[in-house]
Each structure stands twice: as structure tokens, then as C-alpha cells.
Amino acid sequence: MNFLRGVMGGPSAGPQPSGAETIQKLCDRVASSTLLDDRRDAVRALKSLSKKYRLEVGIHAMEHLIHVLQTDRSDSEIIGYALDTLYNVISNDLEEEEQEENLPKQVDDLGSQFTEIFIKQQENVTLLLTLVEEFDFHVRWPGVKLLTSLLKQQGPQVQQIILVSPMGVSRLMDLLADSREVIRNDGVLLLQQLTKSNAAIQKIVAFENAFERLLDIITEEGNSDGGIVVEDCLLLLQNLLKNNNSNQNFFKEGSYIQRMKPWFEVGDDNCGWSAQKVTNLHLMLQLVRVLVSPTNPPGATSSCQKAMFHCGLLQQLCTILMATGVPADILTETINTVSEVIRGCQMNQDYFASVNAPSNPPRPAIVVLLMSMVNERQPFVLRCAVLYCFQCFLYKNQKGQGEIVSTLLPSTIDATGNSVSAGQLLCGGLFSTDSLSNWCAAVALAHALQENATLKEQLLRVQLATSIGNPPVSLLQQCTNILSQGDKIDRRGSKVQTRVGLLMLLCTWLSNCSIAVTHFLHNPANVPFLTGQIAENLGEEEQLVQGLCALLLGISIYYNDNSLENYRKEKLKQLIEKRIGRENFIEKLGFISKHELYSRAAQKPQPSFSSPDHMMFDHEFTKLVKELEGVISKAIYKSSEEDKKEEEVKKTLEQHDNIVTHYKKVIREQDQELEELKQRVSTLTSQNEQLQATVTQQVSQIQQHKDQYNLLKVQLGKDTQHHNSHSDTFQMNGIQMEEVSKLKEELEEWKNKHELLQGQLREKDSVTEKLKSSQLEMATTEQSSQTSKSGGLEHNNELQKELEMLRSQIQLQSAEISKLQIENQKLQVMNTSADPVLGDSGATAGNNSELERRLEQEIKELKSEIKALSEEKESLKQQLDSSSSTVAILQDEKSKLQQEVAESKKEQDDLLVLLADQDQKLSALKIKLKDLGVPVEDEDDIESGDQGDEDEDGDEEEQD
């Protein structure tokens, strides 16, 4: 109290003030003091009193503390004291020495009441969110703790306030990025409380990159070897993913499943795991189960299962499953996790079937697990987990069902007895003296027959050797024998449990299988036993057995094909009417669905029982009961005429089904044909489009040629008119004769160049033929021997040189053609320039008409020869284009040859590597042989001999 007196400045002597009075004075100082230091000291004093006088501080000081948070934002110290004081008032996390036995309920009420007062004004929570944004440690950390405490006390209300607050959730997500571990870790705890049972906030947190940050924290902390921080992160991940399909899909699409694989990497030595590691690994396994839970949508579960297989997570889990030294609870949870990862996924089920245990000789993992299930020394939860794993392995897995049943059939049983099969283990458990083993084996065998009529018929072939000297009996007969013996066999555990398991197996076996019903009814003792069990008035424990017997008898009636005269449907109904009564039969049948254990088993596929005595019903069997209870009740009350009508309807329906099946087949075939025709139509359409494009291109080219032709025609008409108009004044003189002689000389040059081009074209064709023949020779040489690849390379070089020569020749030809075009243009210009010259000198042409006609005739001949030369030039261009395409084809073939040469070179390199490895192995073997004293030829001699051979080969090559 000296401290308080010093703070308050009161007298040192006299009566001491009470706690309430002190708190009231401190509150007055906080409210009225103008100096910041005085207010800070008063708030500090309230903080020190808040734990002991929680109620008084909460009542008197809360309003003043909130006012401090609003007005004194600039001073981080007073803000920190105020937040700590509010946390002490609202939080229920009192220190142990301050707790008393009679206080917990009162404490809970106080925290809840003060939280309600605080959040009554939503601005207070918004203010707190603003303070949490501050980077100052003395403000941010107490703010995080206070907000966490508010969420613990009044979660839904505070969640709603944060949800409607602008950027409320985003502000809190920044806590995960804080470099100070204390704030980061408390931020994880805050987000745990924030995301509880609120799907909207869970989605926002997930899309604020929470998965990435949490997985980074787990990796930094050492995965499963980390501390309690890893545990908190895993609990937050569970909150985000459990029953939230959107977040699960986001987790899968973000490739975060792949990042879970390192969590389950365990070493060879698994002894001495810490309690924290066990807890972490347990939560990690639960997180995997959240993603593949049977309650999730089937599509989401299937995609997660496939992702876990492709990233190696399933393989890692199977490694833990087969490892030694793993704690029992981790092993149990791993079995449950593997079960749900493979449930209904054919790819995962096939992989699990291929997993072998590290034993000598290796045994399939399924066999090892079944050995644990039928071993009564194993823990009860472990046996339940193995049963669940076996059920999930067979769920929608007809291939796996067939493999299990095949181990029971006579043709596949191992006569040597060296290895134990799954079928033998199931039979051993079915007929053991442990009632729990009986029940587990019966349920496991029932799952092997689930929705598979073919296997139900095959299982009728199974024969069992009961004792030496006695003939073997069928599995069906042995099950009914044990069922009829009942209490006569001394068993460990519940005797009702054995009979319930066998009755569930028989009901599953006989349902939807008329042949199995006929085999069952063929034994004359079965029907009297069932009617006797149903008719008796027994205790509550036996009522369940009576209900299952009524179900089995009802199945025998409903799926009866009337092949046995004494046990036709009508006679069995009359037997029920006489010995049991229809109403009594229906009442006993209803005992099953009214039983409490039936309702528990119907909730989820995993068998979870508090004790072995409660292990009565299987989840899949509850579906069968729900399906058959109504139809059996109707079948009991039907008359023989109605049965006949129903059989006729069934036959008609079967005929219709056959017709429908036939039409489905026809439609399927027509669909295939239609798809093929569609493909053909698409290919023809593409071809048509290509042809249309070609036609359009050709039409445009023809139009261009027409335009050019019309233009030339117009020009020729003008030339003709020009000559006609000047024919009267045309005169022959010395200049005209010189022009004509020049035209003749140029015409001769054109003819010579034309002949030269034709000669070069013929040479080019011969070179092309040579290239083709050399290519064929190279291909045959490449196929005949790999050793001639060096020669192929030389030949390829020659081919490349010839192609280069061909390119140069083509370039020369193109240059000459361009030159000829230029000369042709010059000739046309000179031809056109001759006209005005002749026109200007036409004044004195009156007396030379004969020379005029001769000159006109020579000009016409020159024009026709020029036209012929232009046509020949066009033909030469076409031939040049065809030769260019030939060259392109040869270049493609050359690139193919180069690729083949590179591949052969790569193969030679691989052979050299193999030869080097072989030489190393031979040298090692020679050393071992020398060590053992075996005479070995010296390596130097061998090398000298090889060198001599190489020299001879080298001489031969030089001679060649």
C-alpha cells in the first residue's frame, strides 16, 4: 500500500482506504488530471489492482480506460497500461494462486458480462482494431491479447463486428507477418478464435494468403518436430478447412497439398518421440482427413485423393504405416487417414494393394493389417481402424473385392501353406472363439460382397474342412451351423455380437442373389431355426437377434425364385402367418431400425465405438436395412396373385431392360459412327476451305493477268494507230536503217542468251538427279551398317557442297534473268522512241513506198520475235520455280539426314559409356580373381594385343 500512497499522495498514517475507494480515486485522477504523467501513473496503478479487484476495476474504470484509448493515442505507454488493465478485467485466464474452487462459474460470468459491456458500443472494437495496427510492441501485443479474450467470451457478436468493419480481417492477417514471434504466435491464437464456426471469415482469411503464411511458419518451426506454435497453426488450418468446401478447393488448387508431404517424413529410429511431436503429427493426420472426409462433396474428395497420390503423400503415409516403433495412437490415426485417402479412389486402392510390409518373406500390407484385426491382443481402437481401412479398400472396388474372394476359392488357395492369405485370415477370425474377431471378420467379408452379385455366387463354392475324416462343408453351411449353435459355444466377449455379425453377413450375402437364397433354403434346418428365433419372447439383448432373423427370412422370401417346391414364396408366407403372425413379424423386423446402436452406426462410415460391447452394426448394413425394410413388409402382405403379377411385371421389365440395353448399344455404335462422320466432315471442311483459298488466289492471279493483257492490248492498239497515221509520211534514211540493224543484233543476243539458259537448266536438272541418287545411297548405307556413319558424314558434306553450288547457279540465273528483263525494257523504250524519229523525218517519204512496206514488215517480225522471247522467259521462270521447290525438298531431306547422324552419334556415345562401365567392372572382377589366387591374363598383354590389332586396322585404312 506504500506504493498506492506514494501515487495518490495521501498521508502515511491513519486508516487505510479500501480497494474500492482507492480505485474510485484513481478513476477520478484519470478523468480529471490534465497532466499526462498523472494519468499514466493512475492507469498503471489500476493495472496493478485489476487482478485482485477485478470486479471493482471493471465497474468503475472501464469507461475511463476506453476514453484513454480514444484520447491519448500519442502516448504508447498509457495505451499499453490501459489495454493490459482491460485484458485483466475481461479475461478469465487468472493465475493459479488466485483461483479458488468456488470461483470458476462466477469468473466466467464476469468475463462474459464485461465483454458484453465493452462491445455494446461497436466503436470500441473498431478502435481496438486500429490499435492492433500500431507497430509499437507495448500497444500491439496487449491489443492482440484483449481482442482474443473478447472473441473467447462473445465470439459470434465480436466476429460480426469485425466482419462489417472496413478491412477488419485484413488488419488482423498482418499479425502473421510480424517479425516478433510473440505477437505472431498470439496472432495465430487470435485467428483461431476469429475463424471458429464462421464460414465468411474463414473464406476471407484463406484468400488473404493465410495458407501460405501458416505453412511457412510450420516449415520454419521444424514441421512435426516443432513446438506448440506448430500445433496452433495446425488448429487454425483445421478451422479454415473443416466443412468449408470453398477453402478446401482453394487449398488444393493452390498446390498446398504437395507442401504437406515433408510433414510425414520419419526416420528409421522412431523411438522416444516427444509428446509435442505426437500431438503435432496427430493434428497433421487429422488435417489430411479433413480434405478427404467422406462427408465432403464426392468431386472435391476425389480430386484431393488424386493430388495426394501424385505428390507422394499417400506413399509417405504407407511408409509410416509399415514403420516400426511408431506410437500406437499415431499408428491408429495413420491407418484411419490412409483409409479415407484410398476410399472410393481406384488408383489409390490399387497402389495400396501393391504395398508390402518389410518382412521376410514380404507380405501385402492388407494381410498384415488383417492379422492385427483378428488378433484379440491388439488394442480395440487399432482393430477398429484396421476394419475401417479394409472397408475403405473395398468401397466401390470390384477388383479388390474379387482379389479377396479369390483367396478363398479352391483353385487359388496355396497348397504348401507357406503364406497366409486374406481369405484364410477372415475365415479364421470368423470361426474363432473371440466374439469381436467374429464380428470384424463377418463385416469385412460382407464388404467383400457388397453390391457384387458375381462374387456372391462364387463364394458359394468355398469349402471348409471342419475336422479330419469328415467331409468338407460350404462356408454358407458353416455360418448357419455356428448361428444355430448359439450359446453352446464358449466364447470370449458378447455372444450376441457373434450372432449379429453372422446374421449381417448372411443378409448381405443373400440380398439380390437368388442362387444364394436357394442354397440357404436347401438346408432344411435353417427356416425352422429362423421362425423359432422370431417367435420366442426373449429379453432386450435378444430382440436385436430376432429383428435380424426376421430380416434374413424376409430376404429369403423377397429374393426367392421359387425353384424349391417346399420353400416357395407362398408357403414361406403361410409359415410366418401360422407360427409368428404377420404383425408380430413386422414388429420384430422394426427392432433393428429402432435400436440406439443402429442410429449411431448410420451417422458416418467410420466404426467408432466406446467399447467392444457397443460394436453391433456396420454403416453399410444400415443402408441395406433402410432399403429392404419397406419392400419386405410389402412382400409379406402380398397375395399369391399379386406375386404372380409382380413376377410377370419383373419379366416384362427385364425384357424392357434387355431392349433398352440393345438400343443403348445401337445408340452407342451410332454415336461412334457419328463422331467418325463429324471428324470426316471437319477434315473435308478444312480441305474445302484450303481449296477455296487456292481458288480465290488463282482467280485473283487470273484477273491480274487479264488486266495486264488488256493493258498490253491497249498499248499495241495505240502503236498500230500511230504507225497508220504516219505511214504516208514515213521515210527511210540512214538513221532508220541503223536502228533496224541494232534491233536485229539485240534479237540475236536474246536468242543466244535463251539457248545458254536452256543449257544451264539442263545442267541443273542433272545435278538434281545426282543429289537424289546420292540421297538414296546414303539412306541404304545408313540402314545397312552403323559403322559406315563416318562415310555418311563425308557424303553429307559433299551433298552440302553440291547444294551450295546449286544455290550459286540459281543466283547467277536469277541475276541473268533480271539483266534480260532490264534489256527487254530498254528494247521496248528504244522501239517506242523510234516512232517519233520516223515521224519527224516523214516530210520526204513520198517516193519510197516500197522501202516503207519492207520496213513495216521487218518491224512486225521484230515484234513477234519479242513476244515469243517473252513467252520463253515466262516458261523459264516456271522451270526455275519448280527447281527451287526441288531444292527445298532436298534441303529438308538433308536436315533429316543430319538429325539421323546426330542420333547415331548419341547412340555411339551411350555405347562408349556402357563400354567404360563394363571395363571398370571387368577390372574389379580381375582384381577379385587375383586376390582369390586365380590366374588371370595380364591387362598389359591384352592392351598390347589390342594395340597390335588397332595398328593393323589403321594400316588397312591407310591403304584403302
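If you're wondering where the values come from, they're calculated on a predicted model, not measured in any experiment. Residue positions are counted from 1 within each chain, in the order its sequence is given. Selection of residues for local features in this predicted model requires a pLDDT of at least 70, selection of side-chain atom pairs for listing and counting requires 80 or more, and totals for whole chains, interfaces and linings are taken over all residues. Only hydrogens and water are removed before side-chain values are computed, so all heavy atoms of the structure are retained for them.

Visitor: Hey, could you run me through the overall build of the chain in this one?
Guide: Under the DSSP-based scheme used, a helix requires at least four consecutive residues in state H or I and a strand at least two consecutive residues in state E, with every element numbered from the N terminus. Regarding its fold elements, the chain presents 41 helices and four strands. For every residue, the accessible area obtained with a 1.4 Å probe (protein chains only) is divided by the maximum for its type, and the residue is called buried under 20%, exposed over 50%, and partly exposed between those limits. Looking at the chain as a whole, 41% of its 960 residues are labelled buried. In this analysis, two residues are considered to be in contact whenever any of their non-hydrogen atoms come within 4.5 Å of each other. Across the chain, every contact between residues at least 6 apart in sequence was considered, and the portion connecting residues at least 24 apart equals 73%. For the area figures, the Shrake-Rupley method with a 1.4 Å probe applies, and any residue is considered shielded solely by the protein chains shown. Accessible area of the chain: about 52,500 Å², with a carbon and sulfur share of 51%.

Visitor: I keep staring at the packing of aromatic side chains and nothing clicks. Help me out?
Guide: The description of an aromatic ring pair uses the distance of the two centres, along with the angle that the planes make with each other. When two rings of Phe, Tyr or Trp (its six-membered ring) have centres within 6.5 Å they constitute a pair, described as stacked for plane angles under 30 degrees, edge-to-face for angles over 60, and tilted for the intermediate range. Under the counting rule described, the total for this entry stands at 13 aromatic pairs. On the numbers, 5.5 Å between centres and 40° between planes, the contact of Phe-251 with Tyr-256 is tilted. For Tyr-256, a relative accessible area of 8% gives the class buried. Measuring from ring centre to ring centre gives 6.4 Å for Phe-617 and Phe-621, while their planes differ by 10°; the resulting arrangement is stacked.

Visitor: How do you make sense of the confidence of the model for the chain when you look at a structure like this?
Guide: It should be kept in mind that the predicted coordinates are not to be read in detail where pLDDT is low. A score from 0 to 100, pLDDT tells how confident the predictor is in each residue. Per-residue pLDDT for the chain has a mean of 81; in total, 77% of the residues score no lower than 70. Note that pLDDT drops below 50 for residues 1-14; the model gives that stretch 18 contacts with residues more than four away or on any other chain. Counting contacts from residues 956-960, a segment whose pLDDT is below 50, to residues more than four positions away or on other chains yields zero contacts.

Visitor: Is there a simple way to explain a nonpolar patch on the surface in this structure?
Guide: Together, Ile-659, Tyr-663 and Ile-667 line one region of the surface with nonpolar side chains, adding up to about 300 Å² of accessible area. In this fold, Tyr-663 is placed in helix α37 (residues 640-725). A residue counts toward a patch only above 30% relative accessible area and without a salt bridge, and it is joined to like-charged neighbours within 9 Å or, for Val, Leu, Ile, Met, Phe, Trp and Tyr, to nonpolar neighbours within 5 Å. Salt-bridge detection follows one rule: a side-chain nitrogen of Lys or Arg within 4 Å of a carboxyl oxygen of Asp or Glu.

Visitor: Just checking my understanding: could you explain the environment of Met-308 for this structure?
Guide: Relative to the assigned elements, Met-308 resides in helix α17 (residues 298-310). Distance in space between the C-alpha atoms of Met-308 and Ile-257 is 6.8 Å, their sequence separation being 51 residues. Once residues lying within four places of it in the same chain are set aside, the contact partners of Met-308 are Ile-257, Val-288, Leu-291, Val-292, Leu-313, Leu-314, Gln-315 and Val-341.

Visitor: Where do I start with the side chain of Asp-178 in this structure?
Guide: Structurally, Asp-178 can be placed in the loop between α10 (168-173) and α11 (181-194). For this analysis, a polar contact is any N or O atom pair within 3.5 Å, provided that within protein one partner can donate a hydrogen and the other can accept it, and provided that sequence-adjacent residues contribute only side-chain to side-chain pairs. A distance of 2.7 Å separates the side chain of Asp-178 from the side chain of Arg-140, its partner in a polar contact. At 2.9 Å, the side chain of Asp-178 forms a polar contact with the backbone nitrogen of Arg-180. Aside from chain neighbours lying at most four places away, what touches Asp-178 is Arg-140, Ile-183 and Arg-184.

Visitor: Could you clarify how one ought to interpret the packing of helix α23 (residues 398-406) against helix α25 (residues 435-449) in this entry?
Guide: In a packed pair of helices, the relevant descriptors are the angle between the two axes and the axis-to-axis distance. Interaxial angle, 0 to 180 degrees, is taken between N-to-C directions of lines fitted to C-alpha atoms, where a helix line uses only the stretch in contact. Between α23 and α25, the least distance of the axes is 8 Å, while the angle of their chain directions is 125°. Considered as vectors, α23 and α25 are oriented oblique to each other. In the packing of α23 onto α25, the handedness of the crossing is left-handed. Here Gln-401, Ile-404 and Val-405 of α23 come into contact with α25, specifically with His-447, Ala-448 and Leu-449. Amino acids are sorted into nonpolar (Ala, Val, Leu, Ile, Met, Phe, Trp, Tyr, Cys and Pro), charged (Asp, Glu, Lys and Arg) and polar (every other residue, Gly among them). Residue composition of the contact of α23 with α25, grouped by class: four nonpolar, two polar and no charged. Oblique is the label for any angle not under 35 degrees, not over 145, and not in the 65 to 115 range, which are roughly parallel, roughly antiparallel and roughly perpendicular in turn. By convention the crossing between two helices is left-handed if the near helix lies anticlockwise of the far one by an angle smaller than a right angle, and right-handed if it lies clockwise.

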